[in-house]
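The primary structure of each chain is shown beneath.
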Amino acid sequence: MLEKTYSPAEVEPVHYERWESSGAFAAHVDGTAPPYTIMMPPPNVTGSLHMGHALTFTLQDVLVRFNRMSGRDTLWQPGTDHAGIATQMVVERQLEAQKITRHDLGRDAFIKRVWEWKAESGGTITRQLRRLGASPDWARERFTMDEGLSEAVRKVFVTLFKQGLIYRDKRLVNWDPKLHTAISDLEVEQREVKGHMWHFKYPVEGMAGTFITVATTRPETMLGDTAVAVHPDDERYTHLVGKSVRLPIVGRLIPIVADTYSDPTKGTGAVKITPAHDFNDFAVGQRHSLAMINILDRDARLTDDVPEGYRGMDRYDARKKVVAAFEELGLLDRIEPHTHMVPYGDRSGVVIEPWLTDQWFVDAATLAKPAIEAVESGRTRFVPKHWENTYYEWMRNIQPWCISRQIWWGHQVPAWYGPDGTFFVELTEAEAEAAAAAHYGKPVPLTRDSDVLDTWFSSALWPFSTLGWPEKTPALDRYYPTDVLVTGFDIIFFWVARMMMMGLHFMGDVPFKDIYIHALVRDEKGQKMSKSKGNIIDPLDLIGKYGCDALRFTLAALAAQGRDVKLAESRVEGYRNFATKLWNAARFCQMNGCAPVAGFDPAAGEETGNRWSVGTTAEVADKVAQALEAYRFDAAAGTAYHFVWGTFCDWYLEFAKPIFGGENAAAQAETRATTAWALDQILHLLHPFMPFITEELWAQLGERGELLMLRPWPRLSGLHDPAAEEEMDWVVRMVSTVRGVRSEMNVPPSAQVDLLVNGLTATREGWAKTHRDLVVRIARLAAFEPHADGARVAQAFSHGAAQMVVDDATLVMPLAGVIDIDRERARLDKEIARLDADIGKVEKKLGNPDFLAKAAPEVVDEQRERRDEWQAAKVKLTEALDRLRGA
C-alpha cells in the first residue's frame, strides 16, 4: 500500500541511482531505432545550478524522455566547458590566499594546479543536474579540454589558418586592464553611470578665432585623436572639410573629414575620432586611412605616445589633468551631467578599454554566408520563428572574431615563433620545427605563442567534436546532425551562430535541424534576477522544499513560446499540490482494488463512463504528444494537468465511486481495470515532466517488468467514443452548472436542494434517468426531476429560485428556506457596485496619457489584467443576480 504522503527527498535519489546504474540513459550506437540527438549546452565547470540552467535542462530532459518513450534512440550528449577566465580566476584566488601568484608557480605548474582543482571541485554542476532529474548519457560525458576535444580544436585552428580564414592582425578588442586579456562581448557588462559630457574647442588651423567643438565622456582619449568627423551633408561644416585642427595639449595637426558616422542632430554634429580607443572610431579610421595611436598600455596607463607630462599616468588621473589643461587654455566650452552606459568586465569589475593590440582573428564574414543560407533555405529553423531575424541581423553585419586570450588556462594557440617573429601554425611542435627549418634553411629555436583560445572557439565545435571528430566514428555518422538545440536567446551570437558556421564548414551539414529559443526566468514581478536586487531564486532550495517534480512541472507549464517565465514560489507550491493530488488519486485507486489487468483491452468496455474515460485519455495522449513535438511545453503540461486534475480526479473517479461501492460485480471489475489502465497512461504522460513521482507510482501500483522511463509512449488510436463522450460531457455540464450556482448563491455545502428540469430532448431525458443517482450524489441534490411539473416550477419561482440553462434544457433550483433571497440580492448588488467603482478607477488611470507615459510596461499590463479580472467577476455576479427569481 502507498504511504499516506509522498516524500520526494526519499524517493528521488533512489530512482536516479537506479536509472543511471541500469544504463537507462544510454544511447545505442549500434541500434536500429531512429536516432534523436540533443547537445547539452556545456555549463561552466566552475558553475552551480541556477534558475536559467533549471529551465533549459528541464525542457531538454522533457524532450529527451518523451522521444526515448516514443521509440527513438536518444543521445543527450553531456559535458562541461573549461570556462577559461572563470576557472583561472577561481584557482588564482586560492593561490592569493596562500600569498602566491600564478607567475610564482610558472605556467606548467599552474595548469597542473587547475587540473587538480577540476578533479576535486569540478563535478558540482553535474551532481546538481542529477538532482534536477536530467537523463543524459553520462557515460559519454565530455570536457572541452579533454584530449579528444583538444585534438579537434588544434585541427580546426590549423585548417582554418591554412585556408586563410584565421589570421593575426592588429585590431580593437575588449581589453580587461585587471585580468590583462581580451574578453568577449558576453563577458562585458554594461552599467549605467552618472558621469559628465565635456565639450572641448579645437582651433581650426589657419582660421584664427575659428573653433570646432566636440564632446566626449572620456577626455583622456583626446590625446590619441587623429581626426574630427562631420556629416558630409551638414552645411555648417562643409567649408571646413579638408582643413585641419591643431589638437590642444598635443599640438599635432589632425584632419576634418566627412563621414556619415557623425550625426548632425546630436550635439554640435562634430565628433572627435580616436581610432585606437573606440570601435566606431576604428571603423572611421579605416575608411579614411587615419593614424591609430595607442595611448594606453595593458594596465590602462598612458604610454610614451602622449606628451611627457602625461606618461605613466592612470587613465582617470590623466582625465582630470586633461580637463584642467583645457580650462587653463580657455578651450573648455562647458561640462554637462550625463548618464551613460559604461562597459565593465563581468569578472574583474573594472572598466573595459577598447584597445588596439595584436590578436588572432577568424574571418567570420566568410564562414557566416553558408550559415545564413542554411536558415534562409529552412535546413535549420528557429522556434519561435522571429528569432531568425536576430540571427540574420548579427550574421549579416558580423565582424572579425577575436579568438585569442591572454591567459594560461585553455587551448594554447598552436603557433610557434622563429627568431625574427615569423610564425608557424601546425598541429604539433615537431611539425612547426620542420616548417621552420624549411623556411630558414636550418633548425632554429622556436617559442610557442602564449595565448589561449576563446572558450567559445572550442564550444563552437561541440556538436561534432563530442562525437569523435576528426575521426570518422560510428557515433558521428549516426548522431550528426542533431535534432534540436535548446538554449537562451542571449547566446545566439556567441554560440549558436558559431556552431552553425563551424558545423557547415567542417561537416558539410547544419549541426541541428531546429533551434528552440526559450526566454528568461524572471521573478514574479517580471524583473530580471540579480544579487543586487536580492530576488534570486535558488532552484536547489525549491527542490529541497517542494520536490524536483514540482519545480520541473512549473518551469514547463510557464515556458510559453516568446514569453519570459515569471516565477513565483507559490507556483511551485501549487504544482507540488498537483503532485500530492496525483499521489492521493493513486492511493484511492489502490485502496479500491484498481490494479493493472494483464491483457486488458481498453476498447472492450461496456460502461459508458469507462468508454468516456478511455476515449478522453487517448485524446489527451495525442494532444500532449503533438504539443511536445511543436515545442509547446506550456500547452503539453497544461493539457496533462487539466486532464489529470479536472477530468480524471474530479470527474471519472467521482463517477467510479458508486460503482466501487455497488453490487454489480461485472461493472466493478471493468471499472477497476479501466481506472488502473487510465492511471497507467497518466503516469506515462506525466513522466517527461515529473519523472520521480511517476516512476515511484509505476513501481508500486503493479508488478512491472521494466522502468517507466523505458516504456513506450501511449499511442491510443481508435479508442475515441463520440457517443460516450457526448453523454458523459452532458452529465459534467449539468453538475458543473449546479455547483457553480450553488457557489454563486452561497448555498451551504451541506444543504440538499431540488433540481427541476424542463425541455430535455428524448435522448437527454434518457441520460438523465440513467445517471439520476450519480447527479443527485455529486451535485448534492435532494431530488432530480428530469421532467418537472409546470405547477411545481411556478411554485418554486413564486417563493424564490435560481434559473439555469444547459443546452436546450431549463434548470430551476428552489432556494426558499435554503438562503435569504433578499439578502442575497442585496449582497450581489453591493458587490457589483464595488466592482463598478474599482473598474472605473482603473479605466480612469488607463485613460490618462501621463500614467501610460510614466508607468513601467509591466505596471500597465498589471492594471489591465486587474480590470479584465474585475470585469469577468462582474459578469458572473450579474448573471447570478439574473438567476434569482421569485417574490
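Residues numbered from 1 in each chain as written. Predicted model: local features only at pLDDT ≥ 70, side-chain atom pairs only at ≥ 80, totals over all residues. Heavy atoms only, no water.

**Student:** Tell me what's going on with unusual backbone geometry, and back it up with residues and numbers.
**Tutor:** With an omega dihedral of -5°, the bond running from Val383 to Pro384 counts as a cis peptide bond. Along the polypeptide, Pro384 turns up in the loop between strand 15 (381–383) and helix 11 (387–395). Of note in this structure, Ala300 is not a glycine but carries a positive phi near 65°. Using a relative accessible area of 2% as the deciding quantity, one classes Ala300 as buried. In this structure, Asp807 is a non-glycine residue whose phi angle is positive, near 55°. Within the secondary structure, Asp807 is located in the loop between strand 28 (801–806) and strand 29 (809–814). (Helix = DSSP H or I, 4+ residues; strand = E, 2+ residues; numbered from the N terminus. Buried < 20%, exposed > 50% of the residue type's maximum accessible area, 1.4 Å probe, protein only.)

**Student:** Before we move on, could you go through the packing of helix 21 (residues 633–660) against helix 26 (residues 772–779) and cite the residues and values that matter?
**Tutor:** Between helix 21 and helix 26, the shortest axis-to-axis distance is 10 Å and the interhelical angle comes to 120°. Helix 21 and helix 26 meet at a crossing whose hand is right-handed. Taking contact as the criterion, the partners of Trp651, Glu654, Phe655, Lys657 and Pro658 in helix 21 are, on helix 26, Leu774, Arg777 and Ile778. Looking at the contact of helix 21 with helix 26 residue by residue, the classes come out as five nonpolar, no polar and three charged. (Axes fitted to C-alpha atoms, helices over the stretch in contact; angles between N-to-C directions. Left-handed = near helix turned anticlockwise from the far one by under 90°. Contact = heavy atoms within 4.5 Å. Nonpolar A, V, L, I, M, F, W, Y, C, P; charged D, E, K, R; others polar.)

**Student:** Now, about the sheet that holds strand 18 (residues 415–417): what can you tell me, with residues and values included?
**Tutor:** Across the sheet, three strands lie side by side as 19-18-20; this open sheet has antiparallel pairing. Strands at the two margins of the open sheet, each flanked by one partner only, are strand 19 (423–425) and strand 20 (447–448). The pairing of strand 18 with strand 20 spans two bridges and is classified as antiparallel. Among the inter-strand pairings, Trp416 is bridged to a residue of strand 20, identified as Arg448. Against the sheet, helix 12 (residues 429–440) engages strand 18 and strand 19, with an angle of about 135° to strand 19. (Pairing = 2+ DSSP bridges.)

**Student:** How would you explain the packing of aromatic side chains if you had to name every residue and give the values?
**Tutor:** Across all of its chains, the model carries 47 aromatic pairs by this definition. Measuring from ring centre to ring centre gives 5.8 Å for Phe110 and Trp408, while their planes differ by 70°; the resulting arrangement is edge-to-face. A residue pair is termed long-range when its members are at least 10 positions apart, and Phe110 in helix 5 (residues 107–121) and Trp408 in the loop between strand 17 (404–405) and strand 18 qualify at 298 residues. Of the two residues, Phe110 and Trp408, both sit in the buried class. (Phe/Tyr/Trp six-rings, centres within 6.5 Å; stacked < 30°, edge-to-face > 60°.)

**Student:** Give me the pairing of strand 28: which residues, what numbers.
**Tutor:** Note that strand 28 and strand 29 share six bridges and pair antiparallel. Its bridge partner being in strand 29, Val805 is matched across the sheet by Thr810. Taken together, strand 28 and the strand that follows it, strand 29, pair antiparallel across an intervening segment of two residues, in which Asp807 is found at a positive phi of about 55°.

**Student:** Tell me about the sheet that holds strand 6 (residues 181–183), residues and numbers included.
**Tutor:** Strands belonging to one sheet form pairs held by backbone hydrogen bonds; the direction of such a pair is parallel or antiparallel. The strand order across the open sheet built from four strands is 6-5-14-16, with neighbouring strands paired in antiparallel fashion. The strands lining the two open edges of the sheet, one partner per strand, are strand 6 and strand 16 (401–402). In terms of strand pairing, strand 5 (residues 166–176) meets strand 14 (residues 353–362) through 10 bridges, oriented antiparallel. Looking across to strand 14, one finds that Tyr167 is bridged to Phe361.

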